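Report on the structure
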Amino acid sequence: MESRKPEPQARATALLLPRIESRILLIRGHKVIVDADLALLFGVPTKRLNEQVKRNAERFPVDFMFTLTAEEKAEVVANCDHLVALKYARTLPNAFTEHGAIQAANVLNSPRAVEMGIHVVRAFVHLKQAVASHGELARRLAELESRTTELATSHDDFGRETRAQLKLLFDALRALTMPPDPPKRPIGFVPPEERPAPPPKKPPAPQR
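Quantities reported herein were computed from a predicted structural model and do not represent experimental measurements. Position numbers for residues count from 1 along each chain, tracking the sequence in the order it is written. Whole-chain, interface and lining totals are the exception, using all residues; otherwise, since this is a predicted model, local features are given only for residues with pLDDT of at least 70 and side-chain atom pairs are given and counted only at 80 or more. As a convention, hydrogens and water are excluded, and side-chain values are obtained from all of the structure's heavy atoms.

**Focus on the overall build of the protein**
Applied cut-off: We count a stretch as a helix when DSSP gives it H or I for four or more residues in a row; a strand needs E for two or more, and each element gets its number in order from the N terminus. The rule is simple: take the accessible area with a 1.4 Å probe, protein chains only, and divide by the maximum for that residue type; under 20% is buried, over 50% is exposed, in between is partly exposed. What makes two residues a contact is simply this: any of their non-hydrogen atoms within 4.5 Å. Surface exposure here means Shrake-Rupley accessible area, sampled with a 1.4 Å probe, where a residue is shielded only by the protein chains that are shown.
Scanning the protein for helices and strands turns up 7 helices and 4 strands. The N-to-C order of helical and strand elements in the protein reads α-β-β-α-α-β-α-β-α-α-α. Counting all 208 residues of the protein, 31% fall into the buried class. Within the protein, residue pairs in contact and separated by at least 24 positions form 75% of the contacts whose partners lie at least 6 positions apart. Of the roughly 14800 Å² of accessible surface on the protein, 59% is carried by carbon and sulfur atoms.

**A short note on the packing of helix H3 (residues 46-55) against helix H5 (residues 98-108)**
Two numbers describe a pair of packed helices, the interaxial angle and the distance between the axes. Cut-off, in case you're wondering: Axes here mean lines fitted to C-alpha atoms, for a helix over just the part in contact, with angles spanning 0 to 180 degrees between N-to-C directions. In what follows, roughly perpendicular refers to angles from 65 to 115 degrees, roughly parallel to angles under 35, roughly antiparallel to angles over 145, and oblique to any angle outside these ranges. As a working rule, the residues Ala, Val, Leu, Ile, Met, Phe, Trp, Tyr, Cys and Pro are called nonpolar, Asp, Glu, Lys and Arg charged, and the rest polar, with Gly in that last group.
Look at H3 against H5: their axes get within 10 Å of each other, and the N-to-C directions meet at 90°. Taken together, the axes of H3 and H5 are roughly perpendicular relative to one another. Contact with H3, carried on its side by Arg48, Leu49 and Gln52, involves Ala104, Val107 and Leu108 of H5 and no other residues of that element. Here the residues of the contact of H3 with H5 are counted per class, giving 4 nonpolar, 1 polar and 1 charged.

**Observations concerning the environment of proline 45**
Mapped onto the secondary structure, proline 45 falls in the loop between helix H2 (35-42) and H3. Considered as a pair, proline 45 and aspartate 35 are 10 residues apart in the sequence and their alpha carbons are 9.5 Å apart.

**Observations regarding the pattern of salt bridges**
It is possible for side chains bearing opposite charge to pair when their charged atoms get close. The cut-off we apply is this: The salt bridge criterion pairs a side-chain nitrogen of Lys or Arg with a carboxyl oxygen of Asp or Glu, the two atoms within 4 Å.
In the structure shown here, the tally under the stated rule is 2 salt bridges. The salt bridge involving arginine 23 is made with aspartate 37; its shortest N-O contact spans 3.7 Å. In this pair, arginine 23 is assigned in the loop between helix H1 (8-21) and strand S1 (25-27) and aspartate 37 in helix H2, connecting sequence segments 14 residues apart. For arginine 28, the salt bridge goes to glutamate 72, with nearest N and O atoms at 2.8 Å.

**What to know about the nonpolar core**
What counts is decided by this rule: The set of buried Ala, Val, Leu, Ile, Met, Phe, Trp, Tyr and Cys residues whose side-chain atoms join them within 4.5 Å is what this entry labels a nonpolar core.
Judged by nonpolar contacts, the single largest core of 26 residues is most densely connected at Ile20, Leu38, Phe42, Leu49, Phe96 and Val120. Secondary structure elements with two or more residues in this core: H1, H2, H3, H5 and helix H6 (111-154). When residues of this core are assigned to their parent elements, the largest contribution, 6 residues, is made by H6. Leaving out residues up to four positions away in the same chain, leucine 38 has contacts with Ile33, Leu49, Phe96, Ala101, Ala104 and Val120. Counting 12 residues, the second-largest nonpolar core is a separate cluster that includes Val34, Phe66, Leu68 and Val76.

**Some points on the confidence of the model for the protein**
Residues shown with low pLDDT carry predicted positions that ought not to be read at fine detail. Keep this limit in mind: Known as pLDDT, the predictor's confidence for each residue is given on a scale from 0 to 100.
Confidence along the protein averages 75 in pLDDT terms, with 55% of residues attaining 70 or more. Contacts for the low-pLDDT stretch residues 180-191, under 50 throughout, to residues beyond four places or in other chains number 19 contacts.

**So, the packing of H2 against H3**
Between H2 and H3, the least distance of the axes is 8 Å, while the angle of their chain directions is 100°. The orientation of H2 with respect to H3, classified from their angle, is roughly perpendicular. Residues Asp35, Ala36, Leu38 and Ala39 of H2 form the contact with H3, whose own contacting residues are Thr46, Leu49 and Asn50. Looking at the contact of H2 with H3, its residues break down into 4 nonpolar, 2 polar and 1 charged.

**Looking at the sheet that holds strand S2 (residues 30-34)**
The strands making up a sheet associate through backbone hydrogen bonding, with each pair oriented either parallel or antiparallel. Put simply, the rule reads: Two strands pair under a simple rule: DSSP has to find at least two bridges between them.
On the basis of which strands lie adjacent, the open sheet formed by 4 strands has the order S1-S2-S4-S3 and antiparallel pairing. The open sheet has two edge strands with one neighbour each: S1 and strand S3 (65-67). For this sheet, the mean inter-axis angle between neighbouring strands, taken without regard to orientation, is 45°. Both S3 and strand S4 (residues 94-96) contribute to a ladder of 3 bridges, which runs antiparallel. Counterpart to phenylalanine 66 in the pairing with S4 is alanine 95.

Rendered as structure tokens:
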């Protein structure tokens, strides 16, 4: 039996999701996409996007969109190579949550904006599902480990070697529930408290 080829819409979503997800940043504890990236996806200049948002300000409460501070803008520019042009922008960029992105597509009301708005929402949802999946798997693993430990404690026939093997197994499974390490040049906003500590500087070599 021949396997069916994926529908064009499904293929488009599969191709676009990684691209869109790489543009979703974590700022103020919220997953957002900045106006420059959203405008690019929607096929309009950033200025036009923000003009339409301003004209329809009542549709964009703070949980839909907020303006970055100068410090947040500097962090985004420092951590996102593709947004380096924001460094020279006179205005502070706007950040859109999932609901703000679809609302922006609605106020632009162009075929491309509406279509891409759907893909943007799917990217947000996909990221949420991934986080939820890791959390649920970690919870179940902890539950299973606890039960196994109780069983091992109540049965003397659990040898030391068996317990050590079980520990290795749980450690390996737990590692699978953790999100991957961020790249050396992360794409996205990384709060200062979440950044790895810089490596210690080597003392200069003594001069001869």
